[in-house]
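# Coordinates in review
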Amino acid sequence: MKVRAHRFIGAMLIYALGVVSIAVASYLLEQKRYMDDIDSRLLAAASNIPTILPTNFHDIARTPDAISEEQDRYNLELMSQHTRSGDLTYLYSYVMVDGMIYFTSCNYTDEDVEKNQVVTYWTSYPEGSPEYFDAMTAKEPVYVTAGDRWGLFRTILIPMTSPGGQPYVAAADMDITVIQESLRRRVLHVFGIGLILLLLAVPLVLAYRRTYFEMSGRLLTLNQQLQDDINQAMKLEAELKDATDKANKANLVKSQFLANMSHELRTPINGVLGMNQLLLDMDLSAEQREYARLTNQSAKVLLDTVNQILDQAALEGGGLILKTESTLTVPFFEDVLQMFSSQISDKKLDLTLHVAHEVPAQIEIDAVRLRQVLSNLISNAIKFTYEGGVQVFLTWQNGTLAGEVKDTGIGIPTDAQQRVFETFQQVDNSSTRHYCGTGLGLPISKQICSVMGGDLQLAHSNQNGSTFVFSIQAPSCSDEPEKPVELTGCSNVLVVTPESAMVAWFEHELSVSEITLQVKNTLASALPKLREADVIFVDSSMGDNVLEAMSDSFNPSKQRLICLAWLGQKLPDNVYGRVEILSKPLTRSGMAQFYSQDSAQSQQLDVSLSGRILLVDDNMSNLKAIGDQLRSTGLDVELVDNGKEAIARCAHDQFDLVLMDLQMPGMDGLEATRLIHEILSDEAPPIVGISARVMEEDIMLAKKEGMADYLCKPVTKDVLLGKVAEFLKEPSLNP
């Protein structure tokens, strides 16, 4: 309490000191302003005295009797008139004789007359201040503030010289008693205002202090509450950080688990697929080939399940990184469709691609991820379709590629449409469901589309089929649109098919050409138009009888009869040599390439490679499968099952290529690769990693350690030989 009282008293003292300072400053400023104004008026008046008095007045006025009384009265009146006109108190001049000051001229006031103190010629002025005496010899005007029997005056003393060379002083006075009183009143006024303000401020200060202490108390309470909240938030943050660390560790453990599981699953799958491929390359009976085909199909289903689980884990962990590149639009999508040749053949379905004419010839996309989306959509459409087929539509506008996958399948029930994009969910989740799958294809595809700047949605679904629509960002890499089908020398085309999807494809592809298209769905309606066509396309779904009838009626020398058949479908014996086969799914480039040939002869890829390869893998099944696949092309292959032996073989023998497994006991493939490069330096052969570890960080680490490339298990024969061919001689085509 004492501290607060002392503070209050100190504040009052500071306030009082401030008021005094303001009053003094105001007094001094006003005094200076008044004095500057008075001094300028006094200077002007005193400087004018030589013009008021006679020219030689001060040459004469040097003795007591030099000026007569009449002349003195005249001068007195004259000086008084000038004084009154200049609002001065006194205007006078004086000389100094024998150290005494004597007035030579002066004015008078009414008060002087009343008090009988009018100054006349040669009145002495013994009480004059020292400045009056010093002014006689001064070089500049002298200003004096002094009092005498006439009052308190501000005076100017100007030393002058008469025409005869006699010194005298011209002076002017102004009574400043009133001014001083005015200044004192102003100071008192300031003090009064300050006191009034103080009296007004005291209750305000007291009220403020009361309010301050109340608010201070509230603020202290709120501050304590805020501190408690901050402490709670910090506690929650610490708990959240701890939970995040645990989640990250769990995610790391999960990623490691998935990587290990991927390796443990892919390694035997690679052996199964490799051995199965070797089996399919042998001369098998029909029953044996069917068994091998089913085994191969089951292994691929298992591989697809593993891939989807890994993709889902990567998406959940934010590990999906896009790798965009310029891609030829139509060839890319046609390659995707060709992947399903066998599936549509098994179910006798049609699969068509409709590319809008504004789609650029080249676009920038992540081809791997977009292929994954399309594969999931088309695979699902084929799975749930038994009649008709699947149509893929593509459009492009302002850098956005949009697509539709439309099927004529059984549709999706209304109650299941909401969960088709949920992970591990299927249309039928019961234990008796007819269709197999993980329930990850659509959720993964939707997330991939989202990462690629678009979306995937179910547009509609009913008992007549389903339509899925997707969009991604796909900037154009070419100013030219994709070219339509060109059938040189052909002006009339006849298509015989009952399928609306096939009709729509031909109409779309030939819409921008000058070719006349005729479509018939029965033999009876087609035969009358047969002779008008240059090319006749007959859908194999029409049956062998229709194909044979058309074969008997067309002119082979002027026309071409083409059967639109599914993969592996055989022609009737009696039409061989007359009818050509074009395999489904129909594609723009496939049609153009087929039409440019004289017949349906195809070329076989006869892979012939030469070189010496070191294959390193700790799994005997993989060594056998991959080794035999390589030897079937004429390659010299050496097999070792660990990293140390691989280093020793590379140090003593020369190899054109090393295929190195990554995960092996004793010394893994990464360390072996690093040591081979250290030992052999520039003479080290290129090393290609082959591993079941498929995470992006595994691939990057392998290349960082010196591997020239990377293959993910399981490796098909075509992929394996294609990669080997990149480092050895290219495969040759022998018809």
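For the structure given in this document, a descriptive report is provided here.

Rules used throughout
Residues numbered from 1 in each chain as written. Predicted model: local features only at pLDDT ≥ 70, side-chain atom pairs only at ≥ 80, totals over all residues. Heavy atoms only, no water. Pairing = 2+ DSSP bridges. Helix = DSSP H or I, 4+ residues; strand = E, 2+ residues; numbered from the N terminus. Contact = heavy atoms within 4.5 Å. Axes fitted to C-alpha atoms, helices over the stretch in contact; angles between N-to-C directions. Patch = residues over 30% accessible without salt bridge, like charges linked within 9 Å, V, L, I, M, F, W, Y side chains within 5 Å. Areas by Shrake-Rupley, 256 points an atom, 1.4 Å probe, with all protein chains shown as cover. Salt bridge = Lys/Arg side-chain N within 4 Å of Asp/Glu carboxyl O. 1 Å grid on protein atoms, 1.4 Å probe; cavity = no way out; pocket = protein on both sides within 12 Å on 5 of 7 lines; lining within 4 Å. Points joined across faces, edges and corners; volume = space filled by probe spheres on them. Nonpolar A, V, L, I, M, F, W, Y, C, P; charged D, E, K, R; others polar. Buried < 20%, exposed > 50% of the residue type's maximum accessible area, 1.4 Å probe, protein only. Right-handed = clockwise from strand over helix to strand, strands pointing away. Left-handed = near helix turned anticlockwise from the far one by under 90°. Phe/Tyr/Trp six-rings, centres within 6.5 Å; stacked < 30°, edge-to-face > 60°.

### Regarding the sheet that holds strand β5 (residues 151-161)
What the six strands build is an open sheet, ordered β3-β2-β1-β6-β5-β4; its pairing is antiparallel. Edge positions in the sheet fall to β3 (123-124) and β4 (142-148), since each of these pairs with one other strand and no more. Here five bridges tie strand β1 (residues 90-97) to strand β6 (residues 167-175), and the two strands are oriented antiparallel to one another. Looking across to β6, one finds that tyrosine 94 is bridged to valine 169. With respect to the sheet, helix α4 (residues 69-85) is in contact with β1 and β2 (100-106), its orientation differing from that of β1 by roughly 135°.

### So, a nonpolar patch on the surface
On the surface, Val20, Val24, Leu28, Leu188 and Phe191 cluster together into a nonpolar patch covering about 430 Å² of accessible area. Those elements that provide at least two residues to the nonpolar patch are α1 (2-47) and α7 (177-280). Counting residues per element, the nonpolar patch draws most heavily on α1, which supplies three residues. Locating leucine 188 in the fold gives a position in helix α7.

### A word on empty space enclosed by the protein
Under the criterion given, the structure shown has four cavities of 30 Å³ or more. Around the second largest cavity, the lining residues are Val485, Leu487, Val493, Trp505, Phe506, Glu509, Leu510, Phe537 and Met591. For the lining of the second largest cavity, the element with the highest residue contribution is helix α13 (residues 500-509), accounting for three residues. When the residues that make up the lining of the second largest cavity are grouped by side-chain class, the tally is eight nonpolar, no polar and one charged.

### Points about the pairing of strand β23 (residues 687-691)
Two faces make up the sheet, and in a regular strand the side chains alternate between them. Along β23, five of the five residues are buried, which leaves the element largely enclosed by surrounding structure. Across four bridges, strand β22 (residues 657-661) lies against β23 in parallel orientation. Looking at β23, one finds that methionine 660 is bridged to glycine 689. In the classification by handedness, the crossover that spans β22, the intervening helix α19 (residues 669-680) and the parallel β23 is right-handed.

### Considerations on the packing of helix α11 (residues 367-383) against helix α12 (residues 441-451)
Relative orientation of the contacting elements α11 and α12 amounts to 145°, with a least axis distance of 9 Å. Pair α11 / α12 crosses with left-handed handedness. Packed against α11, whose contacting residues are Arg369, Gln372, Val373, Asn376, Leu377 and Asn380, the element α12 presents Gly441, Leu442, Ile444, Ser445, Ile448 and Cys449 at the interface. Across the contact of α11 with α12, the residue classes break down as six nonpolar, five polar and one charged.

### Describing the pattern of salt bridges
Summed over the entire model, instances satisfying the criterion amount to 21 salt bridges. Where glutamate 69 meets arginine 73, a salt bridge forms, and the shortest distance between an N and an O atom there is 3.8 Å. On the criterion of helical spacing, the pair formed by glutamate 69 and arginine 73 is a turn pair, its members being four residues apart in helix α4. Judged by relative accessible area, glutamate 69 falls into the exposed class, the value being 60%. Judged by relative accessible area, which is 47%, arginine 73 ranks as partly exposed. Put simply, lysine 115 and glutamate 111 hold a salt bridge, and the shortest N to O gap is 2.8 Å.

### Digging into the packing of aromatic side chains
Summed over all chains, the structure comprises 10 aromatic pairs. On the numbers, 6.0 Å between centres and 35° between planes, the contact of tyrosine 94 with tyrosine 132 is tilted. Of the two residues, tyrosine 94 is situated in strand β1 and tyrosine 132 in helix α6 (residues 130-134); the sequence distance between them amounts to 38 residues. Centre to centre, the rings of phenylalanine 103 and tyrosine 125 are 5.3 Å apart; their planes meet at 45°, and the pair counts as tilted. Of this pair, phenylalanine 103 sits in strand β2 while tyrosine 125 is found in the loop between β3 and α6, placing the two residues 22 residues apart along the sequence. The same class applies to phenylalanine 103 and to tyrosine 125, which are both buried.

### With respect to the environment of leucine 487
With respect to the helices and strands, the residue leucine 487 is situated in the loop between β13 (465-473) and β14 (492-496). Considered as a pair, leucine 487 and leucine 510 are 23 residues apart in the sequence and their alpha carbons are 9.3 Å apart.

### Here we look at the sheet that holds strand β20 (residues 612-616)
Strands pair in a sheet through their backbones, by hydrogen bonds, and they do so in one of two ways: parallel or antiparallel. Across the sheet, five strands lie side by side as β21-β20-β22-β23-β24; this open sheet has parallel pairing. Two strands lie at the open edges of the sheet, namely β21 (636-640) and β24 (709-712), each paired on one side alone. Sheet twist, expressed as the mean angle between neighbouring strand axes with direction ignored, is 20°. Taken together, the five bridges between β20 and β21 define a ladder with parallel strand orientation.

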